[in-house]
Amino acid sequence: MKIPISNVYYLLCYAWRHLEESNVVDVKELDRFDHIQDLLGKVLAEGTFHLVRRGIDRGYMETREDLAGVRGKLDISEMAKRALRARSRAACVFEELTHDVHHNRVLRSTLGGLLCLPDLAPEVRTEVGLAFRKLQGISTIRVDRQAFRQIQLDRNRRLYRFLLAICELIHNQVLIDRESGKARFLDFRRSRATMWKLFEDFVTEFYRVEQTEYSVNRWGRTIPWHDAWAPTESDLSRIPRMEADVLLDSPHRRIVLDTKFYPQALGGKGGTQRMHSVNLYQLLAYLRNRQAAMPDGPQHDGILLYPVVGYPIAIEVRLEGFRIQARGIDLAQPWQQLHEDMLGVLG
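My aim in this report is to walk through the structure given alongside it, one point at a time.

Conventions adopted
Residues numbered from 1 in each chain as written. Predicted model: local features only at pLDDT ≥ 70, side-chain atom pairs only at ≥ 80, totals over all residues. Heavy atoms only, no water. Phe/Tyr/Trp six-rings, centres within 6.5 Å; stacked < 30°, edge-to-face > 60°. Buried < 20%, exposed > 50% of the residue type's maximum accessible area, 1.4 Å probe, protein only. Lys NZ or Arg CZ within 6 Å of the ring centre and 35° of its normal. Salt bridge = Lys/Arg side-chain N within 4 Å of Asp/Glu carboxyl O. Helix = DSSP H or I, 4+ residues; strand = E, 2+ residues; numbered from the N terminus. Expected span 1.5 Å × (residues − 1). Patch = residues over 30% accessible without salt bridge, like charges linked within 9 Å, V, L, I, M, F, W, Y side chains within 5 Å. Areas by Shrake-Rupley, 256 points an atom, 1.4 Å probe, with all protein chains shown as cover. Pairing = 2+ DSSP bridges. Contact = heavy atoms within 4.5 Å. Core = buried A, V, L, I, M, F, W, Y, C linked by side-chain atoms within 4.5 Å. Axes fitted to C-alpha atoms, helices over the stretch in contact; angles between N-to-C directions. Parallel < 35°, antiparallel > 145°, perpendicular 65-115°, else oblique. Left-handed = near helix turned anticlockwise from the far one by under 90°.

1. Regarding the packing of aromatic side chains
- Counted under the stated rule, the structure contains 12 aromatic pairs.
- Ring geometry for Phe206 and Tyr207: centres 5.6 Å apart, planes at 80°, overall edge-to-face.
- Taking the relative accessible area as the measure of exposure, Phe206 reaches 0% and is therefore buried.
- Its guanidinium or amino end placed over the ring of Phe132, Arg108 lies 4.0 Å from that ring's centre, counting from NZ or CZ.

Written out as structure tokens, the structure is:
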């Protein structure tokens with residue numbers, strides 16, 4: 001599925017809940033690039049420039065040093081083992097305020113890793129290299145999953161959190177060839193599972209941010225089995241939970257929305273567009289059980305939302321008293337139109 005780079009950027013910003021940080025780059029410039037690694041490199045470099053202008057983080061790090069005087073605490077066992085007293089030296093352990101903290105190391109190391117990608121656009125390579133040099137004095141480390149687990153940032157450091165999310169995405173998409181040692185970047189747009197999860201998270205956060213009529217997932221996403229035909233505890237351990245992607249509730253309308261991601265959104269032969277049966281049956285089960293469990297209030301509507309490129313989907317049927325729609329969102333169109341279409345799904 002060919003999606004413009006700028007739209008991929010918006011999907012990521014919404015899905016990660018970092019829409020405010022999306023202005024670190026001029027989004028209009030992004031569609032000059034064809035590859036995801038160029039998008040991520042551009043954003044990471046520009047974000048680093050923002051951090052440097054604002055002042056990059058510092059923190060206290062434990063330092064061990066042999067000094068002529070005493071600073072901080074003495075490491076007596078180290079002094080005895082190395083006979084430092086005879087040389088009039090003291091093994092000191094003290095905390096020092098430094099820029100060389102863990103999250104800065106991850107940021108600089110990821111910038112350095114991007115420079116190893118052979119197919120990075122020359123313009124982006126120049127910016128990434130400059131950003132790497134702007135963090136001079138910060139150590140580089142081997143970036144792995146454990147490195148991201150060790151990051152501790154408070155909620156006020158939103159730009160840092162955004163840039164480190166990009167670092168983690170880069171880490172997850174880079175493969176190292178064991179024989180040649182060369183790095184290559186995997187375009188996650190080609191992964192159905194990754195794009196499905198990204199689309200689901202984008203849709204949830206978009207409706208949370210961009211409209212005020214409905215509450216979004218106010219009571220969670222789980223739909224209980226209705227008491228009248230509820231399974232036993234033993235049965236529950238053997239059947240899947242019902243979890244819708246998005247539940248929208250207002251005093252006037254309630255919607256169960258499920259996102260899907262297929263190369264071909266609809267089935268059917270001879271030009272007839274039909275919803276996939278498994279999707280329809282699943283949505284009907286959600287609607288029956290939530291309506292039965294919450295009978296007070298308006299009737300539930302069901303929406304199957306598909307990402308598409310270049311062709312529209314707008315189907316509406318009524319089944320068992322429920323209004324059910326299949327709608328397509330064209331991810332290849334300009335963002336402003338995509339934004340309007342997303343709101344129009346609820347209209």
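Following the structure, the description resumes.
2. Focus on the pattern of salt bridges
- Evaluation of the coordinates by the stated rule reveals 27 salt bridges.
- We note a salt bridge from Arg17 to Glu205, for which the minimum N-O separation is 3.0 Å. One end of the pair, Arg17, is in the loop between helix H1 (5–15) and helix H2 (36–54); the other, Glu205, is in helix H8 (residues 192–210), and 188 residues separate them in sequence.
- You can call Glu205 buried: its relative accessible area is 9%.
- Close ionic contact of Glu200 with Arg221 constitutes a salt bridge, the shortest N to O distance being 3.0 Å. Highlighted residues: Glu200 in helix H8 and Arg221 in the loop between strand E6 (215–216) and strand E7 (222–223), separated in sequence by 21 residues.
- Residue class for Arg221 comes out partly exposed when judged on its relative accessible area of 29%.

3. Overview of H2
- Across its 19 residues, H2 extends 27 Å between first and last C-alpha, which sits within 8% of the 27 Å expected from 1.5 Å per residue.
- For H2, the tally of buried residues reaches 15 of 19 residues, placing the bulk of the element in the interior.

4. Some remarks on a nonpolar patch on the surface
- Residues Val70, Leu74 and Ile76 make up a contiguous nonpolar surface patch of roughly 290 Å² in combined accessible area.
- For Val70, the location among the structural elements is in the loop between strand E1 (59–67) and strand E2 (73–74).
- Of the residues examined, Val70 reaches a relative accessible area of 60% and is grouped as exposed.

5. A look at the sheet that holds E1
- Pairing is antiparallel across the open sheet formed by 3 strands, whose spatial order is E1-E3-E2. In this open sheet, the two strands that pair with only one neighbour each are E1 and E2.
- When E2 meets strand E3 (residues 90–98), the two strands line up antiparallel, connected through 2 bridges. Note on E3: the bridge partner recorded for Leu74 is Cys92.

6. Some words on the environment of Asp31
- Note that Asp31 resides in the loop between H1 and H2.
- When its relative accessible area of 40% is taken as the criterion, Asp31 is described as partly exposed.
- Sequence spacing of Asp31 and His102 is 71 residues, and the spatial spacing of their C-alpha atoms is 33 Å.
- Residues in contact with Asp31, not counting those within four places in the same chain, are Pro4, Ile5 and Ser6.

7. Description of the nonpolar core
- Counting 76 residues, the largest nonpolar core has Tyr9, Phe202 and Tyr207 as the members making the most contacts within it.
- When near neighbours in sequence (up to four residues on either side) are disregarded, Tyr207 contacts Val216, Leu248, Leu257, Met342, Val345 and Leu346.
- In this structure, Ala244, Tyr262, Ala265 and Tyr286 belong to the second largest nonpolar core, which totals 22 residues.

8. Regarding unusual backbone geometry
- For Arg17, which is not a glycine, the phi torsion comes out positive at approximately 60°.
- Of note, Ala83 is a non-glycine position whose phi angle comes to about 50°, a positive value.
- By secondary structure assignment, the location of Ala83 is in the loop between helix H3 (76–81) and E3.

9. Re the packing of H2 against helix H7 (residues 158–173)
- The geometry of H2 relative to H7 is characterised by a closest axis approach of 10 Å and an angle of 150° between their N-to-C directions. By the angle class used here, H2 and H7 are roughly antiparallel. Relative to H7, the crossing made by H2 is left-handed. In contact with Leu40, Val43, Leu44, Gly47, Thr48, His50, Leu51 and Arg54 of H2, H7 contributes Leu159, Tyr160, Phe162, Leu163, Ile166, Cys167, Leu169 and Ile170.

10. Digging into the sheet that holds strand E12 (residues 314–319)
- Taken together, the 6 strands give an open sheet; going across it, the order is E6-E9-E10-E11-E13-E12, and neighbouring strands pair in mixed fashion. Looking at which strands have only one partner, the edges of the open sheet turn out to be E6 and E12.
- Judged from the 4 bridges that link them, strand E9 (residues 246–249) and strand E10 (residues 254–259) form a sheet pairing that is antiparallel. Residue pairing across strands places Val246 opposite Leu257, the latter belonging to E10.
- Contacts from H8 reach E6, E9, E10 and strand E11 (300–308), with the element oriented near 155° to E10.
- Set on the sheet, helix H10 (residues 277–293) makes contact with E9, E10, E11, E12 and strand E13 (322–330); between it and E11 the angle comes to about 150°.

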